[in-house]
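So you can see what is in the structure, the chains are spelled out below.
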Amino acid sequence: MTTPVVDIHAHFSPPTTHDQREALWKLMRSAHILTSEPPRWTPEATLDVMDRTGVAMQILSSVPPSREALRAFNDYGATLVAEHPTRFGLLAALPTDDPDACLTEISRADGELGADGFAVIAEYHGVWLGDARLEPVWAALDRRGATVFVHPNPFAPPTLSRPSILLDVALETARSVTDLLYAGVLRRHPRVRLVIAHCGGALPGLAGRLLTLGTETWVPNPNQLTRDELRTQLAGLYLDTAASGEPQPLAAALAMTSADHLIYGSDWGAPCTTETTMQETRHGLASTPLLTDVQRETIWRNALNLLPTAAKRVAEQQTPHTA
């Protein structure tokens, strides 16, 4: 592959102690995420993997559960970008269970931290993204024309003894985006560009059901969305490709939106992602007959089209300087 790859879905963590990693590992195992060892993220190891796999830049995001940790993650992410401006970008985490705290963090991330965009959890401490209390937050993001990455909660309780990462996160994603649609958030704030993790989760597979049934008279529809509006808003979403190199999710995604709304994402840094699964996704994208070579080239670099500050850092590095 000759085109440098930009990865919009990559997780990170500030330095941790042995005891912190052991505690997280215990929490993961209680959620039936049976990794063989405690997770540990370092920029050095990540840059090594990026170099070996042809990834030019990772756009980092993580949304921890506590307010204190969230600010610390954003601070550390900004430090990493300052140290490696053309290798890392930052989607600053937002605490969407508290609109006032959200607005404060948006301003801080946009100013002090110089974040490239924002990251939110589909359902954060019981608050869904279509909650009416978040209207000032979406308005602030819309004014900025912000790119917002939507990720499900990876540590939700397991179902039928299987980790939520396997299936439930896909359903949580579909629920949250559907809530945004019916709440009228996408209608009122068209300048916000939403990137949905894991190829939209279950949403593309359910999009046809929404279009067929979603505007029937027995479905609560307070904003009177039409079928055409639903179709247009679904098509306007961006989807990353994490764990989605197989033909089934790609076909569903391409039926709901277009190839130019697909963005390469690996889910690197998550305990459920290995080099093997990451490379399997890359191979699937590179070889699928569902995409043309031109479309593939767009997917590898599409993140920079949504993140102008990251694109500017890359362009400045590539521009020769004359005395």
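Above this text sits the structure in question.
Let me sum up the structure you'll find in this document. Note that the structure is a prediction, hence the values are computed from the model and not measured.

What counts and what doesn't
For every chain, the first residue of the written sequence is number 1, and numbering continues from 1 onward in sequence order. Totals for whole chains, interfaces and linings use all residues, but because this is a predicted model, local features are given only for residues with pLDDT of at least 70 and pairs of side-chain atoms are given and counted only at 80 or more. To obtain the side-chain values, all non-hydrogen atoms of the structure were used and water was disregarded. Helix and strand assignments follow DSSP, with helices taken as H or I runs no shorter than four residues and strands as E runs no shorter than two, numbered in order from the N terminus. Between buried and exposed lies partly exposed: a residue is buried under 20% and exposed over 50% of the maximum accessible area for its type, with that area taken using a 1.4 Å probe on protein chains only. The contact rule is simple, with two residues in contact once any of their heavy atoms fall within 4.5 Å. Only the protein chains shown count as covering a residue, and every accessible area follows the Shrake-Rupley method with a 1.4 Å probe. His residues and chain termini do not enter the charge count, which takes Lys and Arg as positive and Asp and Glu as negative. Taken as the charge location is NZ of Lys, CZ of Arg, CG of Asp or CD of Glu. Working convention: axes come from line fits to C-alpha atoms, limited for helices to the stretch in contact. Angles between N-to-C directions cover 0 to 180 degrees. Any angle that falls under 35 degrees is termed roughly parallel, while one over 145 is termed roughly antiparallel, one within 65 to 115 roughly perpendicular, and all others oblique. Definitions for this section: a left-handed crossing has its near helix turned counterclockwise from the far helix by less than a right angle. A right-handed crossing has that turn clockwise. Here the nonpolar group is Ala, Val, Leu, Ile, Met, Phe, Trp, Tyr, Cys and Pro; Asp, Glu, Lys and Arg are the charged ones; every other residue, Gly included, is treated as polar. Whether two strands pair comes down to DSSP finding at least two bridges between them.

**Overview of the overall build of the protein**
Move 1: Helix and strand content of the protein: 13 helices and 10 strands.
Move 2: The principal-axis extents of the C-alpha atoms in the protein amount to approximately 60 × 45 × 40 Å.
Move 3: Within the span of the protein, comprising 323 residues, buried residues form 51% of the whole.
Move 4: Put simply, of all contacts in the protein between residues at least 6 apart along the chain, 75% involve residues at least 24 apart.
Move 5: Accessible area of the protein: about 14,900 Å², with a carbon and sulfur share of 56%.
Move 6: Of the charged side chains in the protein, 26 are positive and 36 negative, and the gap between their average positions amounts to 2 Å.

**Some remarks on the packing of helix α6 (residues 168-182) against helix α8 (residues 203-213)**
Move 1: Direction vectors running N to C along α6 and α8 enclose 40 degrees, while the axes themselves pass 10 Å from each other. Comparing their axes, α8 and α6 come out oblique. In this structure, the crossing between α6 and α8 has a hand that is right-handed. Contacts from A174, V177, T178, L181 and Y182 of α6 reach α8 at L203, L206 and L210.
Move 2: A class-by-class count of the residues in the contact of α6 with α8 yields seven nonpolar, one polar and no charged.

**Some words on the pairing of strand β2 (residues 55-60)**
Move 1: Taken across its six residues, β2 has five buried, putting it largely inside the fold.
Move 2: Both strand β1 (residues 5-10) and β2 contribute to a ladder of four bridges, which runs parallel. Directly across from V5, in β2, lies its bridge partner V55.
Move 3: As paired strands, β2 and strand β3 (residues 88-93) are joined by three bridges and run parallel to one another.

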